[in-house]
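Residues per chain, in single letters:
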Amino acid sequence: MIQPSFVENRSVFFRVLSDDQIWEIKRAAFDVLEKVGCELLHEGALQLLKEAGAVVRDNRVKLPQYIVEECIRTAPKGITIYDRDGRRAMEIEGRKSYYGTSTASPNTKDALTGEIHETRVADIGLGAKVADALPNIDWVMPMGSSQDVPPLAADIYEFEAVVNNTTKPMVFIGYSPRGVELVLEMAAEVAGGLDKLMERPFLLLYPEPISPLVFPDEVVERMFIAADLGIPQIPGPTAQPGATSPITIAGSVVQAIAEGLMSLVLVQLRMPGAPCFLSTNVGVFDMSTTKMCMAAPETSLGLAAQAEVAQSFGLPTWGLAGATDSKTLDAQAGIESAFSILAQGLAGLNLIHDVGYMDMGMICSADMLVMGNEAIGMAKRFIRSFEVNTRTLARSVIEQVGPGGHFLQEDHTYDLFREELWRPTLLARQGYDDWEQAGAKDMAQRIRERVVEIIESHQVSPLPDKTVAALAKLRQKGEEELNN
Amino acid sequence: MSDVLSSISTAVIEGNADGSAKFTQEALDGGMEASEILDKGLMPGMDHVGVEFKAGNMFVPEVLRSARAMQAGMDLIKPLLAESGASMTGKVLLGTVKGDLHDIGKNLVGMMCEGAGFEVKDLGKNVEPEAFVNEVKEYKPDVLGMSALLTTTMRAMEHTIKALEEAGLRDQVKIMIGGAPVTQSFADQIGADAYASNAASAAEMAKKFVGKA
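Everything numeric here is computed off the predicted structure, so don't read it as measured data. (Residues numbered from 1 in each chain as written. Chains lettered and ligands numbered in written order. Predicted model: local features only at pLDDT ≥ 70, side-chain atom pairs only at ≥ 80, totals over all residues. Heavy atoms only, no water.)

Chemist: Explain the overall build of chain A residue by residue, including any values.
Modeler: If you tally the helices and strands in chain A, you get 18 helices and 19 strands. Its C-alpha radius of gyration of 24 Å places chain A within 12% of the 23 Å reference for a compact globule of 484 residues. For chain A, the spread of C-alpha atoms along the principal axes amounts to about 80 × 55 × 50 Å. In chain A, buried positions account for 55% of the 484 residues. Taking the contacts inside chain A whose residues are at least 6 apart along the sequence as the reference set, 75% of them involve residues at least 24 apart. In the structure as shown, chain A presents an accessible area of about 20,800 Å², 54% of it carried by carbon and sulfur atoms. Mean positive and mean negative side-chain charge positions of chain A (43 and 65 charges, respectively) differ by 4 Å. (Helix = DSSP H or I, 4+ residues; strand = E, 2+ residues; numbered from the N terminus. Rg over C-alpha atoms; globule rule 2.2 N^0.38 Å. Buried < 20%, exposed > 50% of the residue type's maximum accessible area, 1.4 Å probe, protein only. Contact = heavy atoms within 4.5 Å. Areas by Shrake-Rupley, 256 points an atom, 1.4 Å probe, with all protein chains shown as cover. Lys, Arg positive; Asp, Glu negative; His and termini not counted. Charge placed at Lys NZ, Arg CZ, Asp CG, Glu CD.)

Written as structure tokens, this is what we have:
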């Protein structure tokens, strides 16, 4: 049989914007860059921008469209990331989604006791270990900002804690330019040399410009450090509609695209071809509490729209899902986690961070991460959709079973049930009596037990002793330097 | 355990009906007793499947394939068991009660019971109390299993039990019931001997009734 132009499996997806709307947003963003410009003081950057043809007056940089377009041209349209041990891990391109952890919270919901306290380096290690055990978490960030070490040296403590507890790729904020350099030195030690790290990067950096349209020196510095080494980076300004960006989602997306393009220009002018996302965050400034929510529907909507514009340039994108504003692992946490994970998966955002946040980004929680892992499994199954072909249409099976029969014993069932049906690992699907007999535990209790079980039994593939010792030495040396 | 017995167990676990039949025949040709093949080859294989199913490592389609492999071996030894007077695990009579046409759960119970080594007779769906009574009289099952999906039809279980009492047969058979709306308290209320919430526990319950669990 021949069946030309027949698509067997069209996965489920959505689009927020029409092609016309994408064009309007792009045009508006170019206009903002050309007529409004960005605030930037960094000497080296100003020099590069002037040479490229930007209009620089005082600390305001205005970019003609042709400069931006040239930088879009030189930026890689896909980024391949390896794991700690040098194995191919993520192809960041197109509409492929990979979910990762939350980061940088001052507090942690203790992975062992469930109590909430200030984040310690030990918590970062435990968070990474739990992430290592979860099949739907593809990459990690340090889950929290350590409060039990000198703040400037926290970078290097956290890198050490993460790399000793997971082989998964990581995204690193970096608290200072020198801190980032030291982290890269440690990463090179793990990779077996700087050249090897550049060839097979297992970490990405995450400099965060400030909305609206401000690029602080140290952020530019961190961008240049990554660009010089070809380490991929994800610029992450945060649009808060009505506060740090226009109240409208359309206006926020325009500004986010402008900020993202400015970041891209800085990276490309510094090192043409250096990998860089066209990325942003969208947080919702609550107009009654003045707090920034991490799980509002507008976040997913704004990020999906921003990503569609970035996708039209062919550039990698950044999401924020699996977070909750709730203070406990309750129904609110479940709704917010699952909703954002599905919405952003449907939008095809590439790296989706913040699975594990609670309390509006103030708490990282291994429990939330485990719940997110389950929701991602569900979303993956939904988005994967199903094949339509002779085998799956099952006409011969229906014929064979006939009216009143059953399919339980068919080879067709046996051969395909594992692939057709997603199996939850934590959701209650047994009868009421069986559930009651198993201790009548709700989802939060089952998750708590699972986290403890992972910590007690999960084995992380260890780094060689030599590397572990070298990292500790680098961290010690780095701490002395950073504290002076 | 002899090689051939462990090959039989493995074939059952893997759901390999051809293998199960082949190794059972081999064991018979080698002069082994049918009861030994059942107790030390087929049943241990199926017991292992039951454990794995309970642990969430095996799933219904796989368990049923193993049950089919078990049946392939059983078909060869059944006549010999009957001849020697050795018993099978026991006999189970099944049916969906009067007024109810839902039978997927009841069918699954049947297959699970066969997998546990029972001889199963299935009366189908919409079974009148009198039909159950006649069959208890004729077939002499150790266990009667009744199923209903609807709250409107589950009362027919009670009527069937009454009919058995009136016919003086109630004490000759253990009665277990199941189906989505059925509960332990309903079972207690109508005088059933047991309630099973799923097919695997129904088969386990049946084994308990005949002293094989």
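Having seen the structure, we can now continue with the description.
Chemist: Can you lay out the interface of chain A and chain B for me, pointing to particular residues and giving the numbers?
Modeler: Listed by partner, the interface residues are twelve residues for chain A and 18 residues for chain B. Roughly 1,400 Å² of surface becomes buried between chain A and chain B when both sides are summed, with 57% attributable to carbon and sulfur atoms. When the buried area of chain A at its contact with chain B is split by residue, A:L408, A:Q409 and A:Y414 rank highest and sum to 45% of it. For the pair chain A and chain B, the number of links is three salt bridges. Among the ionic pairs, B:R65 bridges to A:D411, the shortest N-O distance being 2.4 Å. For the pair chain A and chain B, the number of links is six residue pairs in polar contact (both at pLDDT 80 or more). Mapped onto the side of chain A that touches chain B, the elements with two or more residues apiece are helix 15 (411–420) and helix 16 (432–437) of chain A. If you tally residues by element for the side of chain A that touches chain B, the top one is helix 15 of chain A, at five residues. Among the residues making up the side of chain A that touches chain B, the classes are represented as three nonpolar, four polar and five charged. (Buried area = accessible area lost by both parts, 1.4 Å probe. Salt bridge = Lys/Arg side-chain N within 4 Å of Asp/Glu carboxyl O. Polar contact = N/O pair within 3.5 Å; in protein donor to acceptor, adjacent residues only side chain to side chain. Nonpolar A, V, L, I, M, F, W, Y, C, P; charged D, E, K, R; others polar.)

Chemist: Let's hear about helix 1 (residues 3–14) of chain B: which residues, and what values?
Modeler: All names here are of chain B. Its twelve residues give helix 1 an end-to-end C-alpha distance of 16 Å, which sits within 8% of 16 Å, the value for a rise of 1.5 Å per residue. All buried positions along helix 1 are accounted for by V4, L5, I8, S9, A11 and V12. The arc that holds the buried residues of helix 1, viewed along the axis, is 160°, so those residues lie on one side. Relative to its buried face, helix 1 has exposed residues pointing more than 90 degrees away, namely D3 and E14. Of the surrounding elements, those touching the buried residues of helix 1 are helix 2 (17–29), helix 3 (34–54) and helix 4 (60–84). Among the residues trailing helix 1, G15 stands out with phi positive, at a value near 70°. (Expected span 1.5 Å × (residues − 1). Arc of directions from axis to C-beta.)

Chemist: Account for the sheet that holds strand 16 (residues 318–320) of chain A, naming residues and giving values.
Modeler: All names here are of chain A. Reading across the sheet, the three strands line up as 6-17-16 and stay open at both edges, with parallel pairing between neighbours. Strand pairing shows two members of the sheet lacking a second neighbour, strand 6 (98–101) and strand 16, which therefore form its edges. The mean inter-strand angle of the sheet, taken between neighbouring strand axes irrespective of direction, is 30°. Of the strands in this sheet, strand 6, strand 16 and strand 17 (351–355) are in contact with helix 11 (residues 331–346), which crosses strand 6 at around 140°. (Pairing = 2+ DSSP bridges. Axes fitted to C-alpha atoms, helices over the stretch in contact; angles between N-to-C directions.)

Chemist: Just give me the short version of the packing of aromatic side chains, but keep the residues and values in it.
Modeler: A complete count under the given rule lists seven aromatic pairs over all chains for this structure. Seen from their ring centres, A:W139 and A:W318 are 5.7 Å apart, and the 35° between their planes marks the pair as tilted. Here A:W139 is found in the loop between helix 4 (121–133) and helix 5 (154–163), whereas its partner A:W318 is found in strand 16, with 179 residues between them in sequence. Relative accessible area serves as the criterion here: at 0%, A:W318 is assigned to the buried category. Among the aromatic residues, ring-to-ring pairing joins A:W139, A:Y206 and A:W318 into one connected group. The positively charged end of A:R423 is found above the aromatic ring belonging to B:F59, 4.3 Å away from the centroid. Over the face of the ring belonging to A:Y414 we find B:R65, whose NZ or CZ atom lies 3.6 Å from the ring centre. (Phe/Tyr/Trp six-rings, centres within 6.5 Å; stacked < 30°, edge-to-face > 60°. Lys NZ or Arg CZ within 6 Å of the ring centre and 35° of its normal.)

Chemist: So what's going on with the sheet that holds strand 1 (residues 38–40) of chain A? Which residues, and what values?
Modeler: All names here are of chain A. Read across the open sheet, the four strands follow the order 2-3-1-11; overall the sheet is mixed. Looking along the sheet, the strands with just one partner apiece sit at the ends: strand 2 (55–57) and strand 11 (214–215). Where strand 2 and strand 3 (residues 60–62) come together, three bridges link them in antiparallel fashion. Bridging across to strand 3, V56 finds its partner in V61. Along the sheet, helix 2 (residues 43–52) makes contact with strand 1, strand 2 and strand 3, crossing strand 1 at roughly 130°.

Chemist: Break down the packing of helix 1 of chain B against helix 2 of chain B for me, with residues and values.
Modeler: Residues and elements named next belong to chain B. The N-to-C vectors of helix 1 and helix 2 enclose an angle of 160°; their axes lie 8 Å apart at closest approach. Taken as axis vectors, helix 1 and helix 2 run roughly antiparallel relative to one another. The two elements helix 1 and helix 2 cross, and the hand of that crossing is left-handed. Every residue of helix 2 that contacts helix 1 at V4, S7, I8, A11 and V12 is listed here: G19, S20, F23, T24, E26 and A27. Class assignment for the residues of the contact of helix 1 with helix 2 results in six nonpolar, four polar and one charged. (Parallel < 35°, antiparallel > 145°, perpendicular 65-115°, else oblique. Left-handed = near helix turned anticlockwise from the far one by under 90°.)

Chemist: Pulling in residues and values, what's your account of unusual backbone geometry?
Modeler: All names here are of chain A. The omega angle of the peptide bond from S211 to P212 is -5°, so this bond is cis rather than trans. Mapped onto the fold, P212 is located in the loop between strand 10 (203–205) and strand 11. At D58, a position not held by glycine, the phi torsion is positive, near 50°. Locating D58 in the fold gives a position in the loop between strand 2 and strand 3.

Chemist: Let's hear about the side chain of B:S9: which residues, and what values?
Modeler: All names here are of chain B. Within the fold, S9 resides in helix 1. The buried category is assigned to S9, whose relative accessible area is 8%. Residues contacting S9, with those up to four places away along its chain left out, are K40, G41, P44 and G45.

Chemist: Talk me through the packing of helix 10 (residues 297–313) of chain A against helix 11 of chain A; I want residue IDs and the actual numbers.
Modeler: Residue and element names in this part refer to chain A. Across the interface, helix 10 lies against helix 11 with an axial gap of 10 Å and an inter-helix angle of 15°. Between helix 10 and helix 11, the angle falls in the class roughly parallel. For the pair helix 10 and helix 11, the sense of crossing is right-handed. Contact residues: P297, S300 and L303 in helix 10; F339, S340, A343 and Q344 in helix 11. Residue composition of the contact of helix 10 with helix 11, grouped by class: four nonpolar, three polar and no charged.

Chemist: Residues and numbers for the environment of B:G115, please.
Modeler: Residues and elements named next belong to chain B. Within the secondary structure layout, G115 lies in helix 5 (residues 104–115). For the pair formed by G115 and L42, sequence separation is 73 residues and the distance between their alpha carbons is 9.4 Å. Apart from the residues lying within four places of it in its own chain, the contact partners of G115 are M46, A67 and M70.

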